[in-house]
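So the chains spell out like this:
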Amino acid sequence: MQHILITGGAGFIGSHVVRHFVKKYTGSTIVNVDKLTYAGNLLNLTDIEQEKNYHFVKGDIVDGDFVFSLFEKHQPDTVIHLAAESHVDRSIANPMAFVHTNVLGTVNLLNAARHHWKDEPDDKRFYHISTDEVYGSLGDEGLFTEETPYDPRSPYSASKASSDHFVRAYWHTYGLPVVLSNCSNNYGPNQFPEKLIPLFIHNIIQKKPLPVYGKGENVRDWLYVEDHAVAIDAIVRNGKLGETYNIGGHNEWKNIDLIRLLCKIMDEKLGRNPGTSEGLITYVKDRAGHDLRYAIDASKVKDELGWVPSVTFEEGVSKTVDWYLANDEWLRQVTSGDYMQYYREQYEER
Ligand code: NAD
Ligand code: TYD
């Protein structure tokens, strides 16, 4: 791993991955390519932007010529592909953006890798980061394994499933050296406040309603984002080519239970009377096609690569809340402008 290209490195997970690699692999060059959509933010990387082994390139992976020139210029031997449209609600409102970035963008990267690596594929690696949502929705029992058949049910998960299929097709058809992982819900600092945890932290600070979809009975398996970055490091180095690794937190929470925990922690940290934040809970119209439950069997990545999550949920939520409280300027910046319009469209009708 001399020249590592990370896509989507200005986003939530990507920025933690970039930081992890820049700090750990000081002898390698890390190039972060990101379009800086609403979800991409260079403020996420101010602490490492001056490092000599780090370079940022603004660009759109949907532009095939740009992607080819990027490979030409930086000659990556390793690609860690995170760039994506990532929010289910936005995919319901505008599926096409997800087809463009998640499907076309991924295929552009695969084509560039195939072309540039055709003579010496052996020491190269294309690592595609995906989601557990491609497996569909579980009932009360069971876990997603790497063998679970794909059954994507939202435009977001359908676009990610499609990109996963293309990555595997390039392995089988052209021998492109690929590896994939499918991870459960991440949380932590720098997550855009459209996803459940940062949105609710933001609304609690502002004493705004907490819009719980349906009855709040949906279940997600939560993983602290830095643990995901460590798993990605293990998989890119030691994952078997052509294989998929499921990553999860062994940490299932019903939305309403998680929300109550968050309310309790925030009342304590904000010095508010117990129960203040719970009073903001508002049940709203359910998400269309809302998947009931996701939960990951992460035994393969544990058995083969020795990865297990290290941060407990209570610790992770506490660190996350502390980060948002200490970074009110970041929160103010990302919630000005277009965010207000998004919020109105998403929640006023519910
Ligand atoms: P995010 O929305 O926070 O960040 C996505 C980044 O990609 C942003 O910086 C954005 O500017 C960039 N981007 C979007 N379109 C682009 C384009 N056309 N060209 C270049 N850059 C573009 O997403 P995230 O939550 O950090 O997720 C990162 C990856 O991890 C995604 O592939 C997602 O599917 C996957 N994933 C996320 C989760 C989760 O819980 N957030 C869980 C499992 C997998
Ligand atoms: P989200 O963070 O959007 O992640 P995903 O849909 O990819 O799992 O949502 C997590 C859960 O929280 C999901 O069951 C939907 C629910 N949710 C709400 O109840 N209210 C909200 O405002 C949001 C954004 C999510």
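Residues numbered from 1 in each chain as written. Chains lettered and ligands numbered in written order. Predicted model: local features only at pLDDT ≥ 70, side-chain atom pairs only at ≥ 80, totals over all residues. Heavy atoms only, no water.

1. Side note on the site of ligand 1
Okay, so step 1: Close to ligand 1 lie 29 residues; Ile 13, Asp 34, Ser 86, Tyr 156 and Lys 160 are nearest.
Okay, so step 2: Note that an oxygen atom of ligand 1 is positioned 2.7 Å from one of the side-chain N or O atoms of Tyr 156.
Okay, so step 3: In the environment of ligand 1, an oxygen atom lies 2.8 Å from a nitrogen or oxygen atom belonging to the backbone of Asn 186.
Okay, so step 4: Protein chains shield 97% of the accessible area of ligand 1, which is 840 Å² for the free molecule.
Okay, so step 5: Top contributing element to the shell around ligand 1 by residue count: strand β5 (residues 125-131), with three residues.
Okay, so step 6: Per-class residue counts for the shell around ligand 1 are 13 nonpolar, 12 polar and four charged. (Near = heavy atom within 4 Å. Polar contact = N/O pair within 3.5 Å; in protein donor to acceptor, adjacent residues only side chain to side chain. Areas by Shrake-Rupley, 256 points an atom, 1.4 Å probe, with all protein chains shown as cover. Helix = DSSP H or I, 4+ residues; strand = E, 2+ residues; numbered from the N terminus. Nonpolar A, V, L, I, M, F, W, Y, C, P; charged D, E, K, R; others polar.)

2. Topic: the environment of Tyr 135
Okay, so step 1: Within the element layout of this structure, Tyr 135 appears in the loop between β5 and α5 (155-174).
Okay, so step 2: C-alpha of Tyr 135 to C-alpha of Glu 314: the two residues are 179 residues apart in sequence and 27 Å apart in space.
Okay, so step 3: Residue contacts for Tyr 135: discarding those within four places in its chain leaves Phe 144, Thr 145, Glu 146, Thr 148, Pro 149, Tyr 150, Asp 151, Asn 182, Thr 244 and Asn 246.
Okay, so step 4: At 2.8 Å, the side chain of Tyr 135 forms a polar contact with the side chain of Asn 246. (Contact = heavy atoms within 4.5 Å.)

3. A look at the packing of helix α1 (residues 12-24) against helix α7 (residues 225-238)
Okay, so step 1: Close contact between α1 and α7 brings their axes to 9 Å; oriented N to C, the two are set at 60°. When the interaxial angle is binned, α1 and α7 end up oblique. Seen from above, α1 lies across α7 with right-handed handedness. Across the interface between the two elements, Phe 12, Ile 13, His 16, Val 17, His 20, Phe 21 and Lys 24 from α1 touch Val 225, Glu 226, His 228, Ala 229, Val 230, Ile 232, Asp 233, Val 236 and Arg 237 from α7. (Axes fitted to C-alpha atoms, helices over the stretch in contact; angles between N-to-C directions. Parallel < 35°, antiparallel > 145°, perpendicular 65-115°, else oblique. Left-handed = near helix turned anticlockwise from the far one by under 90°.)

4. Brief notes about the site of ligand 2
Okay, so step 1: In the vicinity of ligand 2 there are 19 residues, among which Glu 133, Arg 220, Arg 287, His 290 and Tyr 347 approach most closely.
Okay, so step 2: The contact in question runs from a nitrogen atom of ligand 2 to an N or O atom on the backbone of Pro 211, over 2.8 Å.
Okay, so step 3: For ligand 2, whose accessible area on its own is 510 Å², the fraction buried by protein is 98%.
Okay, so step 4: Contributing elements (two or more residues each) for the shell around ligand 2: α6 (196-206) and β8 (210-213).
Okay, so step 5: Residue composition of the shell around ligand 2, grouped by class: nine nonpolar, five polar and five charged.

5. So, α1
Okay, so step 1: Here α1 is 13 residues long and its end C-alpha atoms lie 19 Å apart, about the 18 Å a rise of 1.5 Å per residue gives.
Okay, so step 2: Along α1, the residues classified as buried are Phe 12, Gly 14, Ser 15, His 16, Val 17, Val 18, Arg 19, Phe 21 and Val 22.
Okay, so step 3: Close packing links the buried residues of α1 with β1 (3-7), β2 (29-34), β3 (54-58), β4 (78-81), β7 (185-187) and α7. (Expected span 1.5 Å × (residues − 1). Buried < 20%, exposed > 50% of the residue type's maximum accessible area, 1.4 Å probe, protein only.)

6. A closer look at the packing of aromatic side chains
Okay, so step 1: Counted under the stated rule, the structure contains 20 aromatic pairs.
Okay, so step 2: With a centroid separation of 4.9 Å and 65° between ring planes, the pair formed by Tyr 170 and Tyr 174 is classed as edge-to-face. Pair noted here: Tyr 170 and Tyr 174 are both in helix α5, with a separation of four residues, about one helical turn.
Okay, so step 3: Since its relative accessible area comes to 8%, Tyr 170 is described here as buried.
Okay, so step 4: Among the aromatic residues, ring-to-ring pairing joins Tyr 38, Phe 192, Tyr 213, Tyr 339, Tyr 342, Tyr 343 and Tyr 347 into one connected group.
Okay, so step 5: One residue, Arg 114, lies across the ring of Tyr 174, its end atom 3.6 Å from the ring centre.
Okay, so step 6: Over the aromatic face of Tyr 245 sits the side chain of Lys 300, whose NZ or CZ is 4.7 Å from the ring centroid. (Phe/Tyr/Trp six-rings, centres within 6.5 Å; stacked < 30°, edge-to-face > 60°. Lys NZ or Arg CZ within 6 Å of the ring centre and 35° of its normal.)

7. What about unusual backbone geometry?
Okay, so step 1: With phi around 45°, Gln 75 is a residue other than glycine that occupies positive phi space.
Okay, so step 2: Here Gln 75 shows up in the loop between α2 (64-74) and β4.
Okay, so step 3: The class of Gln 75 is partly exposed, set by a relative accessible area of 43%.
Okay, so step 4: Although it is not a glycine, Lys 207 adopts a positive phi angle of roughly 55°.

8. Concerning helix α10 (residues 313-326)
Okay, so step 1: Counted at 1.5 Å a residue, the expected span for α10 with its 14 residues is 20 Å, and the 20 Å between its end C-alpha atoms agrees.
Okay, so step 2: Regarding α10, the residues found buried are Phe 313, Gly 316, Val 317, Thr 320, Val 321, Trp 323 and Tyr 324. The buried residues of α10 occupy an angular sector of 160° when the element is viewed end-on, so they sit on one face.
Okay, so step 3: Next to the buried residues of α10 lie β7, α6, β9 (219-224), β11 (252-254), α8 (255-270) and α11 (328-334). (Arc of directions from axis to C-beta.)

9. Some remarks on the sheet that holds strand β10 (residues 244-247)
Okay, so step 1: Strand order in this open sheet of seven strands is β3-β2-β1-β4-β5-β6-β10, and the pairing throughout is parallel. The sheet is open, and its two edges are formed by β3 and β10, each paired on a single side. Strand-to-strand twist across the sheet, computed as the mean angle between neighbouring axes with direction ignored, equals 20°.
Okay, so step 2: In terms of strand pairing, β1 meets β2 through five bridges, oriented parallel. Considered in β2, the bridge of Leu 5 is made with Val 31.
Okay, so step 3: Seen against the sheet, α5 touches β5, β6 (178-183) and β10 and runs at an angle of roughly 155° to β5.
Okay, so step 4: Contacts from α7 reach β4, β5, β6 and β10 within the one sheet, and its direction differs from that of β5 by about 145°. (Pairing = 2+ DSSP bridges.)

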